[in-house]
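One-letter residues, chain by chain:
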Amino acid sequence: PYAIFGREFACECGRTHRVAPREVLYAPAAASRAPEFCARAAKGRRAAVVMDLRTRRVAGEAVCDALSRAGWTVQVLVVPDPAPEHSPVCDDLTRDRIAAEMGPVDLAVSVGGGVMTDLVRWVTFERKIPFVSVATAASMNGYASASIAGTVKGVKCLIYAHAPDAVLADPQ
């Protein structure tokens, strides 16, 4: 059923388009399989794993542990809550902070829902590096999207970027 993922098609516009992501994994313990998907997406073995406080517990620690055990150099970036009782937001200020903190990496992994995925999509698009999305919210429908729903200078915008190379999700 996923035979079109990763395929390229010549378009009448004269460009070649790729159906992304290349791979989708929906399986128990999906986070533990992150190294094999990251290895196919990146040329090197340096990864930034971006998560918030909640998604760190849900899958972030498992992703970091799996990558470390597989010999990856892992930079952990935990996006803090902007205020008590509030989750992180996808805006230019948060994007700038992540971009400034993220060291030289070959790939980034987003762990979370729409906000984490869009922030990582934004930073990796600007850096021209791949990313892998570890999905943690069944209610979010944009994991495989190439668009970002972000706020720039206080205005909600739709920003074109790139889709992840892989989406990993655990049914639990």
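Given the structure is predicted, the values throughout are model-derived calculations rather than measurements.

(A) Fine view of the packing of helix α1 (residues 34-41) against helix α2 (residues 53-69). Across the interface, α1 lies against α2 with an axial gap of 8 Å and an inter-helix angle of 65 degrees. Taken together, α1 and α2 sit at an angle that is classed as roughly perpendicular. Of the two possible hands of crossing, α1 and α2 adopt the one that is right-handed. Two secondary-structure elements touch here, α1 through Ala34, Pro35 and Cys38 and α2 through Val63, Ala66 and Leu67.

(B) Here's a closer look at the packing of helix α3 (residues 92-101) against helix α4 (residues 114-127). The contact between α3 and α4 brings their axes to 10 Å, and the two run at 60 degrees. Classified by the interaxial angle, the pair formed by α3 and α4 is oblique. Here the hand of the crossing between α3 and α4 comes out right-handed. Residues Asp92, Thr94, Arg95, Ile98 and Ala99 of α3 lie in contact with α4, whose contacting residues are Leu119, Trp122, Val123, Glu126 and Arg127. Taken together, the residues of the contact of α3 with α4 break down into five nonpolar, one polar and four charged.

(C) Spotlight on the nonpolar core. Ranked by size, the top nonpolar core spans 24 residues in total, and within it Val63, Leu107 and Val109 carry the most contacts. If you list the elements that add at least two residues to this core, you get α1, β4 (46-52), α2, β6 (107-112), β7 (131-135) and β10 (166-169). Those residues in contact with Leu107 that sit more than four places away from it in its chain are Cys38, Ala41, Ala42, Arg46, Ala47, Ala48, Trp72, Ile129, Pro130, Phe131 and Val132. Ranked by size, the runner-up nonpolar core spans 19 residues in total, among them Ala48, Leu77, Leu119 and Val120.

(D) Representation of α4 in the model. Here α4 spans 20 Å end to end across 14 residues, near enough to the 20 Å set by a 1.5 Å rise per residue. Of the residues making up α4, those classed as buried are Met116, Thr117, Asp118, Leu119, Val120, Arg121, Trp122, Val123 and Thr124. Just beyond α4, the residue with positive phi is Lys128, at close to 60 degrees.

Each value, and the rule that gives it
- Residues numbered from 1 in each chain as written.
- Predicted model: local features only at pLDDT ≥ 70, side-chain atom pairs only at ≥ 80, totals over all residues.
- Heavy atoms only, no water.
- Axes fitted to C-alpha atoms, helices over the stretch in contact; angles between N-to-C directions.
- Helix = DSSP H or I, 4+ residues; strand = E, 2+ residues; numbered from the N terminus.
- Parallel < 35°, antiparallel > 145°, perpendicular 65-115°, else oblique.
- Left-handed = near helix turned anticlockwise from the far one by under 90°.
- Contact = heavy atoms within 4.5 Å.
- Nonpolar A, V, L, I, M, F, W, Y, C, P; charged D, E, K, R; others polar.
- Core = buried A, V, L, I, M, F, W, Y, C linked by side-chain atoms within 4.5 Å.
- Buried < 20%, exposed > 50% of the residue type's maximum accessible area, 1.4 Å probe, protein only.
- Expected span 1.5 Å × (residues − 1).

These figures capture arrangement, not role.
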